[in-house]
Amino acid sequence: MDTVFALATAQGRAGVAVIRVSGSQAIAAVGKLMHDVPKRRGVRKLFDGAGDLLDEALILRFDAGKSFTGEEVVELQLHGSPAVVSAVLRTLGDDPSLRQAEAGEFTRRALENGKLNLAEIEGLADLIDAETESQRKQAVRVFSGALGELAESWRTRLIRAAALLEATIDFADEDVPVDVSPEVMELLSEVSREMHHEAAGVIMAERVRDGFEVAIIGAPNVGKSTLLNRLAGRDVAITSEVAGTTRDVIEVRMDLGGLPVTLLDTAGIRETEDIVEGLGVARAQERADKADLRIHLSESSFLMHGDETPDDLFVRSKSDISDSGGLAVSGKTGAGIDALINEVSGRLQKKVGSIGVAIRERHRVAMLRAIEHMSDAQAGMASETGMTDLIAEDLRAAVRAVDSIVGRVDVEHVLDEIFSSFCIGK
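Note that the structure is a prediction, hence the values are computed from the model and not measured.

> Can you help me understand helix α2 (residues 82–93) in this one?
Every α-helix winds through 3.6 residues per turn, so residues three or four apart in the chain are directed the same way. In a regular helix each residue adds 1.5 Å, so twelve residues correspond to 16 Å; α2 covers 16 Å between its end C-alpha atoms and thus fits that length. The complete set of buried residues in α2 reads V84, V85, A87, V88, T91 and L92. Each buried residue of α2 sits inside an arc of 165° when the element is viewed along its axis, so together they form one side. Every exposed residue of α2 that faces more than 90 degrees away from the buried side is listed here: A83 and R90. In this fold, the buried residues of α2 make contact with β1 (3–7), β2 (16–22), β3 (41–47), β4 (53–62), β5 (73–79) and β6 (98–100).

Structural data, given as structure tokens:
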């Protein structure tokens, strides 16, 4: 493979900038910039092709098999001046044995060299993008190999089940001393149960990654925009005593108790002959229906006794004017805001309680495919006319579905999409 290089840290001025070089010619190419490449680490002066000093940098050297990519790697830790970085990259670019790395190429090489599996790479992508504590924890769990370990456990048990069945085929003309059906059925039941649990948590895991939506809804002029501004900590919505001020959905992204949440301020819901306001009301109702949680804001206390569901939270507004108990807030003074945040966070935390280590729709689809094959195998075993060789083939298909989770088979169509989310240098 080509030897590639790229800036591995963010663009712009910084204390330190890291340039990574990976491939069979990495040491030789970097050696042209200095008098000698250290065996492991060391500080060296860097020179361009004309012999002019570029910078003094810390050099880290990794042997093949011991680096992130699995190849020979040299990292140059430079002073983070844009001018220094540009000069070093320009000098490396002049070397015909090197080329600029493509987006995600270092990580792709780690996959191809067996340093990471596909699930771990997806976890790494999520870790890079993580903005909240819950996103970080979820990404680290997958990046650390938890999903790969679980998939390997499923694979081992399915192979065991297939092997037991195939043994009865191989010795069909002989007396098999033990009936393998109970053990096979138990193995399939265990794996199927675990997969159902993991698949059920994927939707919530995606919400943690992409963010929850919490809609603030209610009649005009009940304080929805004032509450949004108070929760956001800044004026993001126009407030007025004139009813119908908000005509569109206003969105604010924030970290709420470690969870990524987008707050939606919607148009006041009421009958109106104003065409523009009517469009805003329709859009408000549409977005509220799709939200993960709805805060029903009202000045009246009796509305708090409606038919509440886990996705509906009834809150009385303007508690600074009238306080009659219950969950009430004042967007003007901030009273009750902490209690509201705690209630919203608590409800969303309950939603994420079902999350396992599978976090993407691709994982869920693969698990459902494996469950379907296992179900076919179980039905075949329960039938008096079930053919053992066909049942064994169902189990092999289930194994292939599990293998696709970690990238052993049938994942070429998703690689480009995954690596397109990585920056150059990763």
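> Please clarify how the pairing of β2 should be interpreted in this entry.
Consecutive side chains along a regular strand alternate between the two faces of the sheet. In terms of burial, β2 is a largely internal element, six of the seven residues being buried. In this sheet, β2 lies alongside β1 in antiparallel orientation, the contact comprising four bridges. Counted as the bridge partner of L7 is I19 from β2. Relative to β5, β2 runs antiparallel, the two sharing seven bridges. Opposite V16, over in β5, you have H79 as the bridge partner.

> Would you explain the environment of D179 in this entry?
Inspection of the secondary structure assignment puts D179 in the loop between α6 (146–170) and α7 (181–210). Residue D179 is classed as exposed on the basis of its relative accessible area, which comes to 55%. Sequence separation between D179 and L164 is 15 residues, and the spatial gap between their C-alpha atoms is 9.5 Å.

About the thresholds
- For every chain, the first residue of its written sequence is number 1, and the numbers climb from 1 along that sequence.
- Only residues with pLDDT of at least 70 are given local features in this predicted model, and only at 80 or more are side-chain atom pairs given and counted; all residues enter the totals for whole chains, interfaces and linings.
- Note that the side-chain values use all heavy atoms of the structure and ignore hydrogens as well as water.
- Runs of E in the DSSP output that reach at least two residues are strands. Runs of H or I that reach at least four are helices, and both are numbered from the N terminus.
- Expected span, for any helix, means 1.5 Å times one less than how many residues it has.
- Only protein chains enter the accessibility calculation, which uses a 1.4 Å probe. A residue is then buried if its area is under 20% of the maximum for its type, exposed if over 50%, and partly exposed in between.
- Directions are taken from the helix axis to each C-beta atom, and the arc is the one they span.
- Note on definitions: a residue-residue contact is assigned when non-hydrogen atoms from the two residues lie within 4.5 Å.
- Should DSSP find at least two bridges between two strands, the strands are regarded as paired.

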